[in-house]
Amino acid sequence: MKQTPQLEAIQRAMQPGAITAEGFLGADPRPLGDILIADEAAVRRLGLSHARIAGRMRELAAAGSRGLGLPTAVPPHFEVAVESVRGKLPCPFGHAGVYPKTNVVVRNLASGRQIVFTDLNIHLIAAHGFYEGLGSPFRCDPATLAEILEIAPEPPEAPAAAAGAL
Amino acid sequence: MLTAFLISVGVLCAINTLLALLMVLAEATIGNYGSVRVTLNGRRELTVDGGKPLLAALKEHNVFIPSACGGRGSCGLCKLTVENGGAPLSTELPWLSPEEQAAGVRLSCQLKVKRPLRITVPEEWLSVRQFAARVAALRDLTYDIKEVRLQLIDPPTIDFKAGQFIQFEVPPYALSDEPVYRAYSIASDPRQRGEIELEIRYVPNGICTTYVHRHLKEGDPVAFNGPYGNFYLRESDRDILFVAGGSGMAPIKAMLHQMAHEQNPRRTLYIFGARARRDLFLLEEMREFERRLPRFRFVPTLSAPAPNDGWTGATGLVTDVVEREVSEVSALEAYLCGSPLMIDACVNLLKKKGLPEERIFYDKFA
Amino acid sequence: MNPQLGWLTVLFAAVFTNNILLTNYLGMCSFLAVSREVKTSLGLGAAVVFVMTATSVLNWIVYYRLLVPLHMEAFRFIVFIIVIAAFVQVVELVIERVSETLYAALGIFLPLITVNCAILGVSLFMVIRQYTLAQAFGYGLGSGLGWLAAILAMAGIRQKMAARSRVPRGLEGAGITLIVAGIMALAFMGFNGMVNLN
């Protein structure tokens, strides 16, 4: 599907060397618009929303930042290490605002699995529903996030019947 | 038949040529803004090519305005006060507070110079220069920190205050066409004006650090501009507390060089935070400073020493050591350099101990 | 083409009964891409009005005073497009000089107007229907206004839809917009018969 010029410009800002060394799209051949639509579908299938996922990520990052880089225990069974370096990155979606360069490493001690994300990831998910392309070093697959961070689906909405009508 | 064909083609070519000439004329008249005068701070006058963004025009006249995004309007660092620049564009509005908008502040990368402007540039930016240098030496300080020594070529010397930083230019990658700038503090002695030392720590997925750690070689040309920053040793008699970790050592080291040269008698404590022994470096240099400055004490602390490190020194986070070692703050100044989280934690701790905010200094470059 | 029709009548018809977008379905790509927001739609629509009117008149002059006397009617496709491209280029330079804000707001869309088939379509219809100069002016202006009206209406509808409707995922974006455009076209068919331009 053809993209608007705006999405084209954003996709260019996501290439390696524009904002980060490896870019935000990895080896994904799909246009940005398709990536956004596919991940949105995945999030809905999990019964979650971008806001809920980003909120949980933010919660864990805040709890872990107390350790100043050391792994910090976060109940019920997580270990979070937050490292930050100097400098800020702009968002590839082109609006104002720069984001600190922090790496949040979350280990789920119960399952033994680990995931890494950045402050910019949290913003990209919350504000743009963007989880990065397949193969990108900071790809946050919604299903993986939900599993490792143990994000529960929202309680079902009352007027669910409106979905298919008319 | 043939004549008709030839006439048609001829007329078509004539129309094309005419319109092309019209384009050239339009470009030369409507699109040409001629030379425009820009007045800096009421006293310096520059004549720039009209139509260019102010940021680029100033750069051509060796006035360097900080920018981290190469003029795309996505970092907000290039703000200048412009008296008669007109209303800000929609791309600038998110970066300007209502007070700034009322005062005529614009992003200089978005403002195209079309008529005479009167602008205000902070004085310290006027002494910033662009430097062409060459990599004189590369040394691994730890497994992820490289010391980069640059020999200045043009201009051949630099004047800076210990603690200031420069903006290192990373050449454009294959797919991007603009250079990227990243800030690094100068670690070398300010008296050594022909060379500067930088300490660059590898950050995964970082454009500049990947370039420095994977591609930069001895003899390569490097461009940078500077010096920038308000992080430097203030003149006073007060005791000094330095807190730094990792590549945050750089500005502190420059300050120590200056202090050693001046035989500065102020009592100084330097708390250097790292994870394990492999993150420590330049320990010999620090011992040398302890020898040359009798009232200087260097305290490295490891927050997570490895079992076979055999570490007998201080342990814990820098905040733990600050908590332990700092009691009397009435005659104290603190200089902090390191990760934003560490700086925030230390600032809070020191303020809780009673150290007023005006005596806590840290480098806040974006 | 009935030369009796005054240019105002032609204008009226171009907006309602022969709307270049809703009746002839020309000029769809920027219509689909820009009609998300009322403000940008207004800016782009205004630019299209200006370009359509001016190029309609310019192309009339080029056609009847240059191509027809030289029996070069077949070249009209190439020549019209070249004239349109040159004109838009000059307009871009002028806008950049006069209003930085407008230039930044229109951005990429200015050059995109050049390849908007509605602009070429207006010039070609003018030839097919053998308009006089006054009628060409009215037709260009009316088509521009009709395009503007259509894109404004669509932007308003889409903004309301974004807030309230639950569009099925498969139809999001271009899908639902085309359906809405179709419904709008059906509505405009109600104007049929008021004026006959053909």
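Quantities reported herein were computed from a predicted structural model and do not represent experimental measurements. (Residues numbered from 1 in each chain as written. Chains lettered and ligands numbered in written order. Predicted model: local features only at pLDDT ≥ 70, side-chain atom pairs only at ≥ 80, totals over all residues.)

Section: the overall build of chain A
Thought 1: Broken down by element type, chain A carries 5 helices and 4 strands.
Thought 2: The secondary structure elements of chain A, listed N-terminal to C-terminal, are α-α-α-β-β-β-β-α-α.
Thought 3: Evaluated residue by residue, chain A yields a buried proportion of 36% over its 166 residues.
Thought 4: Considering only contacts in chain A between residues 6 or more positions apart, those separated by 24 or more positions represent 53%. (Helix = DSSP H or I, 4+ residues; strand = E, 2+ residues; numbered from the N terminus. Buried ≥ 20, exposed ≤ 12 C-beta atoms within 10 Å, placed from the backbone. Contact = placed C-beta atoms within 7 Å.)

Regarding the nonpolar core
Thought 1: Core analysis: the largest hydrophobic core is formed by 126 residues, its most contacted members being B:I186, B:V243, B:I252 and B:C346.
Thought 2: For this core, the element with the most residues is helix α6 (residues 249–262) of chain B, which contributes 7 residues.
Thought 3: Sequence-distant contacts of B:C346, defined by excluding residues within four places in its chain, comprise B:V243, B:V318, B:T319, B:V322 and B:L336.
Thought 4: Core analysis: the second largest hydrophobic core is formed by 54 residues, C:M72, C:V79, C:I113 and C:F188 among them. (Core = buried A, V, L, I, M, F, W, Y, C linked by C-beta atoms within 7 Å.)

Concerning the interface of chain B and chain A
Thought 1: Between chain B and chain A, the contact holds 30 residues from the first and 25 residues from the second.
Thought 2: Mapped onto the side of chain B that touches chain A, the elements with two or more residues apiece are β9 (180–185), α5 (207–215) and α9 (340–352) of chain B.
Thought 3: Among the elements that take part in the side of chain B that touches chain A, α9(B) stands out by supplying 4 residues, more than any other.
Thought 4: Residues that form the side of chain B that touches chain A fall into these classes: 19 nonpolar, 9 polar and 2 charged. (Nonpolar A, V, L, I, M, F, W, Y, C, P; charged D, E, K, R; others polar.)

Focus on the interface of chain B and chain C
Thought 1: Facing 20 residues of chain B, the contacting portion of chain C comprises 17 residues.
Thought 2: Class assignment of the residues belonging to the side of chain B that touches chain C gives a composition of 12 nonpolar, 6 polar and 2 charged.

Some points on the pairing of strand β16 (residues 332–337) of chain B
All names here are of chain B.
Thought 1: Burial analysis of β16 places 6 of its 6 residues in the buried class, which makes it a mostly covered element.
Thought 2: Side chains L332, A334 and L336 project from β16 onto one buried face, and the interleaved E333, Y335 and C337 project onto a second face that is buried too.
Thought 3: Note: strand β12 (residues 239–245) against β16, 6 bridges, orientation parallel. Bridge pairing in β16 places V243 opposite L336. (Pairing = 2+ DSSP bridges.)

Structural notes on the sheet that holds strand β7 (residues 145–154) of chain B
All names here are of chain B.
Thought 1: Strand order in the open sheet formed by 6 strands is β9-β8-β11-β6-β7-β10, and the pairing between neighbours is antiparallel. Of all strands in the sheet, those bounded by a partner on one side alone are β9 and β10 (195–201). Here the strands of the sheet are splayed against their neighbours by 40 degrees on average, with no regard to which way each runs.
Thought 2: Summarising the sheet, strand β8 (residues 165–170) and strand β11 (residues 221–228) pair through 3 bridges and their orientation is antiparallel. (Axes fitted to C-alpha atoms, helices over the stretch in contact; angles between N-to-C directions.)

Topic: the environment of A:D28
Residues and elements named next belong to chain A.
Thought 1: Note that D28 resides in the loop between α1 (5–13) and α2 (32–45).
Thought 2: C-beta crowding within 10 Å serves as the criterion here: with 18 such atoms nearby, D28 is assigned to the partly exposed category.
Thought 3: Taking the C-alpha atoms as reference, D28 lies 5.1 Å from L134; in sequence the two are 106 residues apart.
Thought 4: Once you skip the residues sitting within four places of it in the chain, D28 turns out to touch I35, G133, L134 and G135.

Considerations on the environment of B:V82
Residues and elements named next belong to chain B.
Thought 1: Within the element layout of this structure, V82 appears in strand β3 (residues 79–82).
Thought 2: Since 21 C-beta atoms lie within 10 Å of it, V82 is described here as buried.
Thought 3: C-alpha of V82 to C-alpha of L111: the two residues are 29 residues apart in sequence and 9.6 Å apart in space.
Thought 4: Leaving out residues up to four positions away in the same chain, V82 has contacts with G104, R106, L111, L117 and I119.

A short note on unusual backbone geometry
Residue and element names in this part refer to chain B.
Thought 1: Following D154, the chain continues to P155 via a peptide bond in cis, the omega torsion being -5 degrees.
Thought 2: Within the secondary structure layout, P155 lies in the loop between β7 and β8.
Thought 3: For the peptide bond that leads from G226 to P227, omega is -5 degrees, which places it in the cis range.
Thought 4: Tracing the backbone shows P227 in strand β11.
Thought 5: At Q263, a residue that is not glycine, the phi angle is positive and equals roughly 55 degrees.
Thought 6: Tracing the backbone through its elements, the reader meets Q263 in the loop between α6 and β13 (268–274).
Thought 7: We classify Q263 as exposed; it has 9 C-beta atoms within 10 Å.

Shape is all these values report; function is a separate question.
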